[in-house]
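Chain by chain, the residues:
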Amino acid sequence: QVQLVESGGGSVQAGGSLRLSCAASGRTFTRYAVGWFRQAPGKEREFVAGIMRSGGSTDYADSVKGRFTISRDNAKNTVYLQMNSLKPEDTAVYYCAADVLTSTVERRRAAYDYWGQGTQVTVSS
């Protein structure tokens, strides 16, 4: 069983920055690709960014490309999402998820095996 815990959310003004962390349990964390998703009220959960096991391959939604950076520190069992130049439309609950089977970064929610409980990000104008 893999457990994921997100942290680092909060309230920030537009143009500000936050760094989210996803801490994972288990000795096999390095075997998982990890994705970040977000869900705003009344909207579907959407893909934000993903990273492969080694960190050598990443993928970003067009809406965050150039502003967000995903990275991982396998020695610490942690994946990060650095969010810069935040906009009010970035307001959402952010979730991390782990995919054990992928050979490439997946954008589909169904591809991920384990999910965290989420952390709230609020960006004010």
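Residues numbered from 1 in each chain as written. Predicted model: local features only at pLDDT ≥ 70, side-chain atom pairs only at ≥ 80, totals over all residues. Heavy atoms only, no water.

Looking at the pattern of salt bridges
The tally for this structure, following the rule as stated, stands at 7 salt bridges. We note a salt bridge from Arg109 to Glu44, for which the minimum N-O separation is 3.9 Å. Pair noted here: Arg109 is in the loop between β9 (92-99) and β10 (114-115) and Glu44 is in the loop between β4 (33-39) and β5 (46-51), with a separation of 65 residues, a long-range link. In this structure Arg109 comes out as partly exposed when scored by relative accessible area, which is 40%. (Salt bridge = Lys/Arg side-chain N within 4 Å of Asp/Glu carboxyl O. Helix = DSSP H or I, 4+ residues; strand = E, 2+ residues; numbered from the N terminus. Buried < 20%, exposed > 50% of the residue type's maximum accessible area, 1.4 Å probe, protein only.)

Here's the deal with the state of the cysteines
Summed over all chains, the structure comprises 1 disulfide. The partner cysteine of Cys22 in its disulfide is Cys96, sulfur to sulfur 2.1 Å. One quick way to see it: the torsion about the S-S bond of Cys22 and Cys96 is about 65 degrees, and its sign makes the bridge right-handed. On the criterion of sequence distance, the pair formed by Cys22 in strand β3 (residues 18-24) and Cys96 in strand β9 is long-range, its members being 74 residues apart. The two residues Cys22 and Cys96 agree in class, both being buried. (Disulfide = S-S within 2.5 Å.)

Structural notes on the environment of Ser17
Along the chain, Ser17 falls in the loop between β2 (10-13) and β3. Overall, Ser17 belongs to the partly exposed group, its relative accessible area being 39%. It is 27 Å that separates the C-alpha atoms of Ser17 and Thr30, two residues lying 13 residues apart in sequence. Look past the residues within four positions of Ser17 in its chain and what remains in contact with it is Val12, Gln82, Met83, Asn84, Ser85 and Leu86. A distance of 2.9 Å separates polar atoms of two side chains, one belonging to Ser17 and the other to Asn84. (Contact = heavy atoms within 4.5 Å. Polar contact = N/O pair within 3.5 Å; in protein donor to acceptor, adjacent residues only side chain to side chain.)

Observations concerning the nonpolar core
Grouped together as the largest cluster of nonpolar side chains are 38 residues, with contacts concentrated most on Trp36, Leu81, Met83 and Tyr94. Among the secondary structure elements, those contributing two or more residues to this core are β3, β4, β5, β7 (68-73), β8 (78-83), β9 and β11 (119-124). With 5 residues, the top contributor of residues to this core is β9. Leave out the neighbours within four places in its chain, and Met83 touches Gly16, Ser17, Leu18, Leu20, Arg67, Phe68, Tyr94 and Val121. (Core = buried A, V, L, I, M, F, W, Y, C linked by side-chain atoms within 4.5 Å.)

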